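Read off the chains here:
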Amino acid sequence: MLLLAVDTATPAVTVALHDGTSVVAESGQVDARRHGELLLPAVDRVLARAGVKLDAVTDVVVGVGPGPYTGLRVGLVTAATFGSALSVPVHGLCTLDGLAYAAGLAGLEGPFAVATDARRKEVYWARYDDARTRVTGPAVDRPADIAGQLAGLPVVGAGAVLYPEAFPDAREPEHVSAGALAALAAERLAAGAELLPPQPLYLRRPDAQVPKNYKVVTPK
Amino acid sequence: MADEPLVLGIETSCDETGVGIVRGTTLLADAVASSVDTHARFGGVVPEIASRAHLEAMVPTIERALKEAGISARDLDGISVTAGPGLAGALLVGVSAAKAYAYALNKPLYGVNHLASHICVDQLEHGPLPEPTMALLVSGGHSSLLLAPDITNDVRPLGATIDDAAGEAFDKIARVLNLGFPGGPVIDRLAKEGDPAAIAFPRGLTGSRDPAYDFSFSGLKTSVARWIEAKRAAGEEVPVRDVAASFQEAVVDVLTRKAVRACKDEGVDHLMIGGGVAANSRLRALAEERCERAGIRLRVPRPGLCTDNGAMVAALGAEMVARNRPASDLELSADSSLPVTDTHVPGAHPYTHDHDHVHEISKDNLYS
Ligand SMILES: [Zn+2]
């Protein structure tokens, strides 16, 4: 088994190779505006570091968000295209689950919450009993609106760093890692669990308004 | 000819997910998934809806094109993709897919210009483009007059709209007349039953001191809307067919007049018309008439190739391969305002799939 994992649902553009036992190579760069430019060179770099070619990959794993859409789609379409070109399965995982799993690897024990930046003064968040068990979410809300129900819980991710008043107990890691995502996927696949389809968790409807009527141009 | 380049082209600059496959100037497949119906109730293309639709349609459309062409992806000589101009988020889906596909198949990647592709598509219909070619591109997003001595690396803008695109004017007038979106086809249909000389709508930028090759449709649009509003205010019925015909005539009169003039001024004996508005029957007829009178050969691809599609991107990609133009690299980005003079986006390190190369790990690498 050789998993290639990518996640572009947050400012981190992250890629990892996992052989079913451990992470073979990994790359992570934080740049919210250049997912498109950074992802393929990162894939190339990770494969080169591991000394393998893309066609050795047996499964593609992709973070399906939630996350800002433009960046999120870069990872999803890249994963889907690899899957088609290589004729290998593409598995989706909730990006927040990857962060929760990474927090568990870093020693955090549950319960806790994960929060990432959803822009527009909101966070994408989910609540976990432990690093593998999501119990609420993912959802998108204003930090102040969920601070009460998450009171006393450690909060993992950049959402906690951004809103310390709502989430005073911020914990590491701040950024998503494809290595953790791949490890979680490997664990679930080995256990015969179903992963998600590689489709985006947008959580919000597209911004679009039906025009009421055309604007009258005759001066009054 | 079997040794002509076999290229797959991807187009996602607006609301059509297009994947085309060509061998040289021969069209093998033209798969298009359109999200136009989802945009209709908004009266225009909604970028986020378009981007979502591109993501869903991307891989299925690639697979459909390959099946239609009856070729194996392994046999491709290159992958081309619209790098710009267009909607940023929409372009990014196609560019990301093209990069992944080129990388996975170990094929050269060509980021190409959407406008140049609109011109080059005519090679699939009428054979190699004469050099130079004069091109009039008209759609909901563009209205330009371009002189193309070499479609792969020399396209010169002579004029463009200074406000609305021609197709946009059709959409807006259709909205004033409550005809729905998109406006082009319905106005074309109604205009056939109307009198193009019924109402004398203004011809923008046609004065002797106006720029010879630029267009303006904003004044026309306002004038038509006011005319309709005045009728309604007076409690009279709006003669929809005559309005449609007279408005359409004002648009195509200016477009063809300026295009023919550009051909004469530049000594070019070929005019190609592309873009979605090139599907307009009156534009085709009037261009035919005026070109014939001026001794200019008119080339207009069939309507399906005039609107946005992947075949046009593949056509330009094949020309890039045939003329040995440098490929793009894996950092290729979508550029929503890519200038028309950038016919393609050559890479600093054209992608050659060289894994022996040792990559420097960047300083901001978090996990290494
Ligand atoms: Zn176009």
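The structure under discussion appears in the preceding block.
Computed from a prediction, not measured in an experiment: that's the story for all the values here.

Trainee: I tried to follow the overall build of chain A on my own but got confused; where do I start?
Mentor: Looking only at helices and strands, one finds six helices and ten strands in chain A. Taking 220 residues into account, the globule formula puts the C-alpha radius of gyration at 17 Å, and chain A, at 19 Å, falls close to it. Viewed in the frame of its principal axes, chain A has a C-alpha envelope of about 70 × 45 × 30 Å. Within chain A, the fraction of its 220 residues that count as buried is 56%. Of all intrachain contacts in chain A linking residues separated by at least 6 positions in sequence, the fraction that spans at least 24 positions is 62%. Looking at chain A as shown, the accessible area adds up to about 9,100 Å², and 49% of this sits on carbon and sulfur atoms. Distance from the positive charge centre (20 side chains) to the negative charge centre (23 side chains) of chain A: 11 Å.

Trainee: For this particular structure, what's the right way to read the packing of helix 7 (residues 184–191) of chain B against helix 9 (residues 240–266) of chain B?
Mentor: The relative placement of two packed helices is expressed as an angle between their axes plus a distance between the axes. Residues and elements named next belong to chain B. As a packed pair, helix 7 and helix 9 sit with axes 8 Å apart at the nearest point and diverge in direction by 110°. Classified by the interaxial angle, the pair formed by helix 7 and helix 9 is roughly perpendicular. For helix 7 against helix 9, the interelement crossing comes out left-handed. For the pair helix 7 and helix 9, the contacting residues are I187, D188, L190 and A191 in the first and V240, R241, A244, A245, F247 and Q248 in the second. In terms of residue class, the contact of helix 7 with helix 9 is made up of seven nonpolar, one polar and two charged.

Trainee: Can you help me understand the coordination of the zinc ion in this one?
Mentor: Under ideal tetrahedral coordination, the four donors around a metal are separated by 109.5 degrees; under ideal octahedral coordination, the six donors are separated by 90 or 180 degrees. All names here are of chain B. Those donors, H114 (NE2), H118 (NE2), H142 (NE2) and D308 (OD), are the protein atoms that reach the zinc ion, and they lie 2.1 to 2.6 Å from it. One chain supplies every donor to the zinc ion, and in sequence these donors are spaced H-x3-H-x23-H-x165-D. With H142 in the loop between strand 6 (133–138) and strand 7 (143–150) and D308 in the loop between helix 11 (303–306) and helix 12 (310–322), the pair connects residues that are 166 residues apart, well separated along the chain. Each member of the pair, H142 together with D308, is buried.

Trainee: What is the right way to read helix 10 (residues 281–294) of chain B from this model?
Mentor: In an α-helix there are 3.6 residues to a turn, and that puts residues three or four apart on one side. Residues and elements named next belong to chain B. Under the 1.5 Å per step criterion, the end-to-end length of helix 10 is 20 Å for 14 residues, consistent within 8% with the ideal 20 Å. Burial in helix 10 covers these residues: L283, L286, A287 and C291. Down the axis of helix 10, the buried side of the element spans an arc of 130°, and every buried residue falls inside it. Set apart from the buried face of helix 10 by more than 90 degrees, the exposed residues are E292 and R293. With a side-chain oxygen lying 3.0 Å from the backbone nitrogen of R282, the N-terminal cap of helix 10 falls on N280. Just beyond helix 10, the residue with positive phi is G295, at close to 70°.

Trainee: Help me understand the sheet that holds strand 1 (residues 3–7) of chain A, please; the structure alone is not making it clear to me.
Mentor: Strand pairing in a sheet takes place through backbone hydrogen bonds and is either antiparallel or parallel in direction. Residues and elements named next belong to chain A. Read across the sheet, five strands follow the order 3-2-1-4-5 without closing on themselves; strand pairing throughout is mixed. The open sheet terminates on both sides in strands that have one partner only, identified here as strand 3 (23–30) and strand 5 (90–93). Within the sheet, the average angular offset between the axes of one strand and its neighbour, ignoring direction, is 15°. By the bridge criterion, five bridges tie strand 1 to strand 2 (residues 12–18) in an arrangement that is antiparallel. Bridge pairing in strand 2 links L4 to L17. Against the sheet, helix 2 (residues 69–86) engages strand 1, strand 4 (59–63) and strand 5, with an angle of about 165° to strand 4.

Reading guide: rules and limits
- Residues numbered from 1 in each chain as written.
- Chains lettered and ligands numbered in written order.
- Predicted model: local features only at pLDDT ≥ 70, side-chain atom pairs only at ≥ 80, totals over all residues.
- Heavy atoms only, no water.
- Helix = DSSP H or I, 4+ residues; strand = E, 2+ residues; numbered from the N terminus.
- Rg over C-alpha atoms; globule rule 2.2 N^0.38 Å.
- Buried < 20%, exposed > 50% of the residue type's maximum accessible area, 1.4 Å probe, protein only.
- Contact = heavy atoms within 4.5 Å.
- Areas by Shrake-Rupley, 256 points an atom, 1.4 Å probe, with all protein chains shown as cover.
- Lys, Arg positive; Asp, Glu negative; His and termini not counted.
- Charge placed at Lys NZ, Arg CZ, Asp CG, Glu CD.
- Axes fitted to C-alpha atoms, helices over the stretch in contact; angles between N-to-C directions.
- Parallel < 35°, antiparallel > 145°, perpendicular 65-115°, else oblique.
- Left-handed = near helix turned anticlockwise from the far one by under 90°.
- Nonpolar A, V, L, I, M, F, W, Y, C, P; charged D, E, K, R; others polar.
- Donors = N, O, S within 2.8 Å, 3.2 Å for Na, K, Ca; no water.
- Expected span 1.5 Å × (residues − 1).
- Arc of directions from axis to C-beta.
- Polar contact = N/O pair within 3.5 Å; in protein donor to acceptor, adjacent residues only side chain to side chain.
- Pairing = 2+ DSSP bridges.

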